Amino acid sequence: MTPRYDVIVIGGGHAGVEAAAASARLGCRTLLLTPDLSRLGQLSCNPAIGGVAKGIVVREVDALGGLLGRAADAARIHFRMLNRSKGPAVWGPRAQCDRGLYPRMVRQALEELEGLELFQEMVTRVELGGEEGFGVETLGGLRFQGKAVVVTTGTFLRGRIHVGTGTGISGGRAGEAPSVELAEALEGLGLEMARFKTGTPPRVDGRTVDFARLKLQPGDGESFRFSLYSREASLPEKPCWTTWTGEGLKKVVQENLQRSALYGGVISGRGPRYCPSIEDKVVRFPEAAGHQVFLEPEGLETSELYVNGLSTSLPADVQEVLLRTVPGLEEVRMTKVGYAIEYDYFPPHQLQSTLEVKGMPGLFLAGQVNGTTGYEEAAGQGLVAGANAALKVQARRPFVLERDQAYIGVLIDDLVTKGVDEPYRLFTSRAEFRVLLRQDNAASRLGPLARDLGLLTFRQERALKERLALEETVRVWFRDTSLSPEVANQVLGEGAGEHVSEATRAVELLKRPGVGAERLAEAGGGLVEAEGMRDAMVAVEVEVKYQGYVAREVERARRLREQADFQLHQDLPYRQFVTLSMEAREKLERIRPGSLAQAGRIPGVSPADLQNLMMEVRRWKKDGQPRPTLSSSPASPGHSERNGE
Amino acid sequence: MANADTIVALGTPPGVAALSVIRLSGPSCAEIVRRICPGIPAEPEPRRAMLARALDPDTGASLDQVLVTVFPGPESYTGEDMAEVSCHGGWLSPALILEACLCAGALRAQEGEFTRRAFLNGKMDLLQVEAVLDLIESRTPALHGAAVHQLERGLSRRIGGLREGLVDLEAMLMHHLDFPEEDDPPVPTPRILARAGDLVGMMEELLRTAPEGELLREGAVTVLAGLPNSGKSSLFNALLGEERAIVTEVPGTTRDALEAVVSLGGFPFRLVDTAGLRETREKVERMGVEVARRYLRGADVILFCVEAERALQVSERRFLDEVAETPVVLVRTKSDLHAGEEPRAPRGPEPLPEPEGAGHGIEGVVSLSAKTGRGLEQLRDLLPGLAFRGLVSSGAEIPVLTRRRHAGAIGVALEELRAFVEALAGGLPAEVAATHLRPAETALEELLGVIPREEVLDRLFQDFCIGK
Ligand SMILES: Nc1nc2c(ncn2[C@@H]2O[C@H](COP(=O)(O)OP(=O)(O)OP(=O)(O)O)[C@@H](O)[C@H]2O)c(=O)[nH]1
Ligand SMILES: [Mg+2]
């Protein structure tokens, strides 16, 4: 008999493991199928997790009960808080991880979950199975039955690897086979596909690097942790190094451009602008004197280094010559060649905000298959898709994060409303409510939501409760603690305004420029050091210091939400809505947004279109079909007899 | 293809005229025109007038000799297929042809529907739509000029430029916030502030045109005020060139306020004749004085009438004190009664001798006779410079904000941008200061009627080297 599951997750990358874990945490019988169980959550590109915007996503995934933050904490060998000198809303925590250790930590976390089964097998077919749900078939001829399926196959769908201008090798990642049959099967279900490309740099043997010529980039040594819920033991730190490319490299690239897969015309798919190959950089910015290169440690037990910034698809022999032009790498030995990879993705306008495929109930897509890049983006999608697959099986309400709630909400909304025309990566600038979506407030932003949904394990719930209580303690401390003038004036530094002459409440002092919460707490005394204290301090500091701004943003978000409340039915006859512009009708027909607010974010849909759309929908609801009567025109000329203007 | 319906309307006013134009827009234009004018070829040459006979589609009766021109979309006014039928003017021909079009399947257009379709099909933005209206309705060269400029995207370009400026600011900040490890160092804050300062200046410049720009559409409220019998109604009539107000030698003749629009030096003025200002127990007159005072409060210019040669009375001085905020022209009326003085009357506005001019908004003195017309020209020349000072001095080619909507939107954008500058200069984090940029952009987008996205990214990648 075919084994039956509630949810089957195909793929064991960052999206797959989060999807499977979320589904299992929600209590569904879940199966994760992947060709190689030793590579669960494999760091296939650079061995770093987090960064600007991405670091906030890690905290969001974590607050929602996911694995990413916890595994990163456990495998971390270097940590930096990017944007430290800027406002707290854009701080970007980033960890370098031990590439070998990370997948083991992921596996360990997965194995703690009840109701989750892991199975090593390559999937070749997915069939829509009516009431039975889906049939999933593997290369080894095994069959499984699932009520819902989440596909998270990353770059494996018809993946093709290029090093130089040879014909390319089929592969999903270096050294791994691609999924060709599965791609065909999914295409057979009626899914639209397109092609992207991306690249990786070579890796080098650290023993052949002249570190004296590199700039040391030590870690921050901070006690920062991604995870709210678990406290992983910390590993020793390893530094990163930086250097710059120069004229020598430029010459090598220019002379060999025709031998590059990207420039020799072998690859056609679009690549990410913000993760360009060294070929791209040299061609697009010929006047630039050089480009920065980061050498990142691959792990504790190896000297191998990842050469971030030199992503390339030049032939292997050229790569070595090219590396050796870089100061500090004159004698370097390459350990792995860089390569470009082309792969199929599913243009994400085919998805609903739950990441379920429109018109194919029970089929979910998450991760790089939706045209994104980055582990964090994949993990966020995986969690949302897995949770929704489980909720669907349980006949519960879907789980959708709004743009003012989480970067994950921004990400998914961007995907499904705007689609992608290059691999999508998150930036803080993609969020309208940057000031609200911070790394320090992930717990209070998303924790309760996850708890109420049932996404947290018992242990996570308890930790959340403690954390929220701690935040409240800090808030109350600042509100109720008065500092004597002597103590207060010591904290007031330069530019913090006049000294005080009487006892002043800590919250008032915190409003002054340059006065930090931690200093105040230290001076005032009485707060007991605890895990998460630092986050709580930052959260309170932001709340107090930027009160007016935060309130304004909350209000702006509320107004947008009101608009979002106007739901758009999935089978509106957009083509018949003749009061809308042609372009708007076509876009709406294709994308079928879920709400008016979403419609408003589609490029080409104007405010005038939105107004008319609202009216058309009301008419449609009232009498079942639209009349081509024109509503109030944007401006109506005065003369009724002379209306031919 | 665009709209499912084909609409039709008369493009010219009904009535006796040499020509009249019937306009059609929509997918069945060509078909409808061929049903009325069967002589037209199946594939008519675009944008070329063709002589044809128009027939009643039902009876086949001949209706008129017409010229037919077809404009295939999208290169037409509405962006859809269009046709124009020029027929003879008059009461019947145009109406019969319109009727025939309706019989042949066209729908009667709603008010402004052609322009509305043009807007929805992206042929014009909201500002251009407004310009079309102003153009049709303008009665003065000044509004006409502003409307043409606006229709030709003068204002749209300016607003679009401002919006792009804001996107630039966002891109600079994005580089700063989102790419901390890039090859290029972040854009220095002074440069961002300088760019924002430029935009503030441009918005202010534009906003300064608004009070006068709005007057271009409404007309500058020009109130004739003065003691009873000082010659206000006579001056009103003289400026209008017709006997609109009742004139008698009895003080207190005018009771209710009387309005009329007149073009002076190309600019629109709303002249208001009012009751003479005096304390009175007579009920109707007292109410008239009340009305006069209300008008005076909203006046853009006051023509204060005082008989020539007469010293200003205490009540008149007090009045001038009350309206010190408004530009006043002191009109010395009935100058013909003092013929002896005329050779001495100066050509330009005579300076008001102390203490009469001190502290008042008196911008000029004109010696004038409604009877002979002497001094009228001088007054006409003087007024545009008072009510439309900015527009007169800046010349024609700068865009003008003619609607409250415009000033409102730019006002919001300006306020947000100033707050952004203040926040950034005051040391607040860039992402906090940046919360002011989106509302500013939204205000301008609403003004144009467009919504953009992805633009910040596009801008960024064209200007900066982003790697890694
Ligand atoms: N000779 C001469 N008489 C004038 C002139 N302007 C007005 N008058 C006369 O002055 C008298 C009052 O003129 P109006 O124009 O009615 O004065 P008003 O200020 O409107 O008076 P009220 O409506 O009563 O406040 C009439 O008898 C006019 O004929 C002028 O320029 N020359
Ligand atoms: Mg009068």
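What counts, and where the lines are drawn
- Residues numbered from 1 in each chain as written.
- Chains lettered and ligands numbered in written order.
- Predicted model: local features only at pLDDT ≥ 70, side-chain atom pairs only at ≥ 80, totals over all residues.
- Heavy atoms only, no water.
- Helix = DSSP H or I, 4+ residues; strand = E, 2+ residues; numbered from the N terminus.
- Buried < 20%, exposed > 50% of the residue type's maximum accessible area, 1.4 Å probe, protein only.
- Contact = heavy atoms within 4.5 Å.
- Areas by Shrake-Rupley, 256 points an atom, 1.4 Å probe, with all protein chains shown as cover.
- Axes fitted to C-alpha atoms, helices over the stretch in contact; angles between N-to-C directions.
- Parallel < 35°, antiparallel > 145°, perpendicular 65-115°, else oblique.
- Left-handed = near helix turned anticlockwise from the far one by under 90°.
- Nonpolar A, V, L, I, M, F, W, Y, C, P; charged D, E, K, R; others polar.
- Phe/Tyr/Trp six-rings, centres within 6.5 Å; stacked < 30°, edge-to-face > 60°.
- Arc of directions from axis to C-beta.
- Domains from an automatic or database assignment.
- Buried area = accessible area lost by both parts, 1.4 Å probe.
- Salt bridge = Lys/Arg side-chain N within 4 Å of Asp/Glu carboxyl O.
- Near = heavy atom within 4 Å.
- Polar contact = N/O pair within 3.5 Å; in protein donor to acceptor, adjacent residues only side chain to side chain.
- Pairing = 2+ DSSP bridges.

Engineer: What should I look at first to understand the overall build of chain B in this one?
Structural biologist: Assigned secondary structure in chain B consists of 17 helices and 12 strands. Sorting the 468 residues of chain B into buried and exposed places 54% on the buried side. Contacts in chain B between residues at least 24 apart in sequence constitute 67% of all its contacts with a sequence separation of at least 6. As displayed, chain B offers around 20,600 Å² of accessible surface, 52% of which is attributable to carbon and sulfur atoms.

Engineer: What should I look at first to understand the packing of helix H3 (residues 68-75) of chain A against helix H4 (residues 101-111) of chain A in this one?
Structural biologist: Residue and element names in this part refer to chain A. Closest axis-to-axis distance for the H3/H4 pair is 9 Å, and the angle between their directions is 135°. Classed by the angle they form, the pair H3 and H4 counts as oblique. Helix-helix and strand crossings are classified by hand; for H3 and H4 the assignment is right-handed. Here Leu68, Arg70, Ala71, Ala72, Ala74 and Ala75 of H3 lie close against H4, whose contacting residues are Leu101, Tyr102, Met105, Val106 and Ala109. For the contact of H3 with H4, the per-class residue count stands at 10 nonpolar, no polar and one charged.

Engineer: Looking at this structure, how should I read the packing of aromatic side chains?
Structural biologist: Aromatic ring pairs are described here by two measures, namely the spacing of the ring centres and the angle between the planes. Within this structure, the stated rule accounts for 12 aromatic pairs over all chains. Aromatic pair Tyr574 of chain A and Phe577 of chain A: ring centres 5.9 Å apart, planes at 80°, arrangement edge-to-face. The buried category is assigned to Phe577 of chain A, whose relative accessible area is 0%. Ring geometry for Phe269 of chain B and Phe388 of chain B: centres 5.7 Å apart, planes at 90°, overall edge-to-face. With Phe269 of chain B in strand S9 (residues 267-273) and Phe388 of chain B in the loop between helix H12 (376-387) and helix H13 (389-394), this residue pair connects regions lying 119 residues apart in the sequence.

Engineer: What exactly am I supposed to notice about helix H6 (residues 247-256) of chain A here?
Structural biologist: All names here are of chain A. Listed in full, the buried residues belonging to H6 are Leu249, Lys250, Val252, Val253 and Asn256. Down the axis, H6 shows its buried residues gathered within 165° of arc, on one side only. The exposed residues of H6 that point more than 90 degrees off its buried face are Glu247, Lys251 and Glu255.

Engineer: Explain the domain arrangement of chain A to me, please; I cannot follow it from the model alone.
Structural biologist: It is common to give the size of an interface as the accessible area that goes away when the parts come together. All names here are of chain A. Its domain assignment divides chain A into domain 1 (4-153 + 345-448), domain 2 (203-342), domain 3 (459-545) and domain 4 (564-643). Its C-alpha centre places domain 2 at a distance of 42 Å from the equivalent point of domain 3. Residue-level contacts link six residues of domain 2 with seven residues of domain 3. Each partner contributes to the roughly 670 Å² buried at the junction of domain 2 and domain 3, and carbon and sulfur atoms together form 47% of this total. If you sort the residues of domain 2 by the area they bury against domain 3, Leu228, Tyr229 and Arg231 come out on top, with a joint share of 69%. Taken together, the connections running from domain 2 to domain 3 amount to one salt bridge.

Engineer: Would you mind going over the site of ligand 1 with me for this structure?
Structural biologist: Residue and element names in this part refer to chain B. Taken together, 22 residues lie around ligand 1, and Ser234, Gly252, Thr253, Asp336 and Ala370 are the ones closest in. At a separation of 3.5 Å, an oxygen atom of ligand 1 approaches a polar backbone atom of Glu249. Contact with the protein chains covers 88% of the free accessible surface of ligand 1, which is 640 Å². In terms of residue class, the shell around ligand 1 is built from six nonpolar, 11 polar and five charged.

Engineer: Just checking my understanding: could you explain the pairing of strand S1 (residues 7-10) of chain B for this structure?
Structural biologist: Residues and elements named next belong to chain B. Side-chain alternation along S1 places Ile7 and Ala9 on one buried face and Val8 and Leu10 on a second face that is also buried. Pairing of S1 with strand S6 (residues 107-108), which is carried by two bridges, proceeds in the parallel orientation. What sits directly across from Val8, in S6, is Arg108. The pairing of S1 with strand S2 (residues 15-25) spans four bridges and is antiparallel. In the sheet register, Ile7 faces S2, and the bridge partner there is Ser25. A loop of four residues connects S1 with S2, the two strands running antiparallel in sequence.

Engineer: It is not clear to me how the domain arrangement of chain B should be interpreted in this structure. Could you clarify?
Structural biologist: All names here are of chain B. Assigned domains of chain B: these are domain 1 (7-125), domain 2 (131-209 + 403-449) and domain 3 (218-394). Each of domain 1 and domain 2 has a C-alpha centre, and the two are 42 Å apart. Counting from both sides, the interface comprises five residues of domain 1 and, opposite them, five residues of domain 2. Carbon and sulfur atoms supply 52% of the area buried between domain 1 and domain 2, which totals about 330 Å² over both sides. Of all residues in domain 1, Phe119, Met124 and Asp125 bury the most surface against domain 2, accounting for 81% of the area lost on that side. Counting across the interface, domain 1 meets domain 2 through one salt bridge. Grouping the constituent residues of the side of domain 1 that touches domain 2 by class yields three nonpolar, one polar and one charged.

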